[in-house]
Amino acid sequence: MSFQKESLDLVFVPSGLVLMFGYHLILLYRCLKLPHTTVIGFENNDKKAWVESIMQEGDHNKNGSMALSVIASNVSAATFLSSVSLTLSSIIGAILTSNSNILESNFIYGDTRPATISIKYTCLLLCFLLAFSCFIQSSRCFIHATYLITIPNSNITAKQVEITVIRAGDFWSFGLRSLYFALTLLLWFFGPIPMFVSSVVMVLLLHYLDTNTTPLHQHAKQPAKHPMIG
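Residues numbered from 1 in each chain as written. Predicted model: local features only at pLDDT ≥ 70, side-chain atom pairs only at ≥ 80, totals over all residues. Heavy atoms only, no water.

The name given to the protein in an unreviewed UniProt entry is ABC transporter like, and the organism recorded there is Heracleum sosnowskyi.

**Q** Before we go on, may I ask you to explain the layout of surface pockets in this structure?
**A** Empty space left among the atoms is revealed by rolling a probe the size of a water molecule over them. Within this model, the largest pocket holds a volume of roughly 700 Å³. Lining the largest pocket we find 24 residues, and of these His24, Leu27, Leu28, Ile40 and Phe174 sit closest to its centre. Of all the elements in the fold, those that place two or more residues in the lining of the largest pocket are helix H1 (8–33), helix H2 (39–55), helix H4 (114–150) and helix H5 (158–188). Considered class by class, the residues forming the lining of the largest pocket number 15 nonpolar, 6 polar and 3 charged. (1 Å grid on protein atoms, 1.4 Å probe; cavity = no way out; pocket = protein on both sides within 12 Å on 5 of 7 lines; lining within 4 Å. Points joined across faces, edges and corners; volume = space filled by probe spheres on them. Helix = DSSP H or I, 4+ residues; strand = E, 2+ residues; numbered from the N terminus. Nonpolar A, V, L, I, M, F, W, Y, C, P; charged D, E, K, R; others polar.)

**Q** What's the story with helix H6 (residues 192–210) in this structure? I'm lost.
**A** Three or four residues apart is the spacing at which side chains of an α-helix point the same way, because the helix has 3.6 residues per turn. Helix length check: H6, at 19 residues, gives a terminal C-alpha distance of 26 Å against a target of 27 Å (1.5 Å per residue), a fit within 8%. When we look at burial in H6, the residues that qualify are Pro192, Met195, Ser198, Ser199, Met202, Val203, Leu206 and Asp210. Seen from one end, H6 has its buried residues packed into an arc of 140°, which puts them on one side. Set apart from the buried face of H6 by more than 90 degrees, the exposed residues are Leu204 and Tyr208. On its buried face, H6 sits against H1, H2 and H5. (Expected span 1.5 Å × (residues − 1). Buried < 20%, exposed > 50% of the residue type's maximum accessible area, 1.4 Å probe, protein only. Arc of directions from axis to C-beta. Contact = heavy atoms within 4.5 Å.)

**Q** Looking at this structure, I do not really get the UniProt feature "transmembrane region" (unreviewed entry) in the protein. What am I missing?
**A** Mapped onto this numbering, the UniProt entry annotates "transmembrane region" (unreviewed entry) at residues 12–32, 75–97, 117–136 and 179–209. Secondary structure over residues 12–32 splits into 100% helix and 0% strand, and the C-alpha atoms at its two ends are 30 Å apart. Helix and strand shares over residues 179–209 are 90% and 0% respectively, and the end C-alpha atoms of the span are 15 Å apart. (UniProt positions renumbered as here; feature names shortened; annotations may be inferred.)

**Q** What is the right way to read the packing of H2 against H5 from this model?
**A** Between two packed helices, both the angle of their axes relative to each other and the distance between the axes serve to describe the pair. For the pair H2 and H5, the least separation of the axes is 9 Å and the interaxial angle reads 145°. Crossing hand, H2 versus H5: right-handed. Facing Ile40, Asn44, Lys47, Lys48, Trp50, Val51, Glu52 and Met55 of H2, the residues of H5 in contact are Ala158, Val161, Glu162, Val165, Ile166, Gly169, Ser173 and Arg177. Within the contact of H2 with H5, the residues separate by chemical class into 8 nonpolar, 3 polar and 5 charged. (Axes fitted to C-alpha atoms, helices over the stretch in contact; angles between N-to-C directions. Left-handed = near helix turned anticlockwise from the far one by under 90°.)

**Q** For this particular structure, what's the right way to read the pattern of salt bridges?
**A** Side chains carrying opposite charge are able to pair once their charged atoms draw close together. On inspection of all chains with the given rule, the structure shows 2 salt bridges. Ionic pairing is found between Lys159 and Glu162, a salt bridge with its closest N-O pair at 3.3 Å. In this pair, Lys159 and Glu162 are both assigned in helix H5, 3 residues apart and thus about one turn of the helix distant. Judged by relative accessible area, Glu162 falls into the buried class, the value being 8%. Among the ionic pairs, Asp210 bridges to Arg177, the shortest N-O distance being 2.8 Å. Of the two residues, Asp210 is situated in helix H6 and Arg177 in helix H5; the sequence distance between them amounts to 33 residues. Judged on exposure class, the residue Asp210 and its partner Arg177 are both buried. (Salt bridge = Lys/Arg side-chain N within 4 Å of Asp/Glu carboxyl O.)

Below is the structure:
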C-alpha cells in the first residue's frame, strides 16, 4: 500500500492532541495534590491572603474601594478576551457557511480535502466558543465577589469570598488553555506536521510557565472577628 500524505493527519494530529491533553491532566493532578509546585497554586495562595486582607477589620471604605478596583480590572480583562473569542468564533462561522475553498493549496503537506478542512474549522470554533464561555463565567464570579464584599452588616466570611475569587481565576485559566489549544489547531491548517511541532513546543513552554520553584509566601494571618466590609 503506497503512502499518502493524507495519512499524516491520522498520525501527527492525534499525537499532538494526546500530548496536550496528557500535559494538562498532569497539571490538574499537580494543582489538586501538589499545588505549591504550580504557578496556579502560588497565585491562589496570594489570592487567599488578598481576600483575608480585604475582609479584615479596619478602614472598610478604603478596603472596599481597593477590592472593587482590583476586581474591576479583572472583569475588564475577562470581558475583552471573551469579546475577542466571540469575534473569532463569528469569523470562523462565516467561513464555514460560505463554503470557502481557501487553505486547499497543494503546498500544504497533509489532508486538504473539504471534509477535513471543515473538521479543522469546527474544532477551532469549539475552542473559541469554550474560551468565550469560560471568560464570561470568570466575569460572573468576579462580579459576584463584589456583591459579597460590599454587602453591609453581613456575616459572610472571608472563606466564601475566597472560594468565589479562586473560582473566577479557575475559569480564567480554562479560557486561556482553550486559546492555547486553538493556537495549535490553527497551525493544523498549514499541515499536521506544524500542528504536532507546535504542540510539542507549547507543552515545553507551558511546563516552564506553569512550574513554580519559589516557596509559598507565608502571609500574616488577619483577624477574623468581624470579617465583613460595611
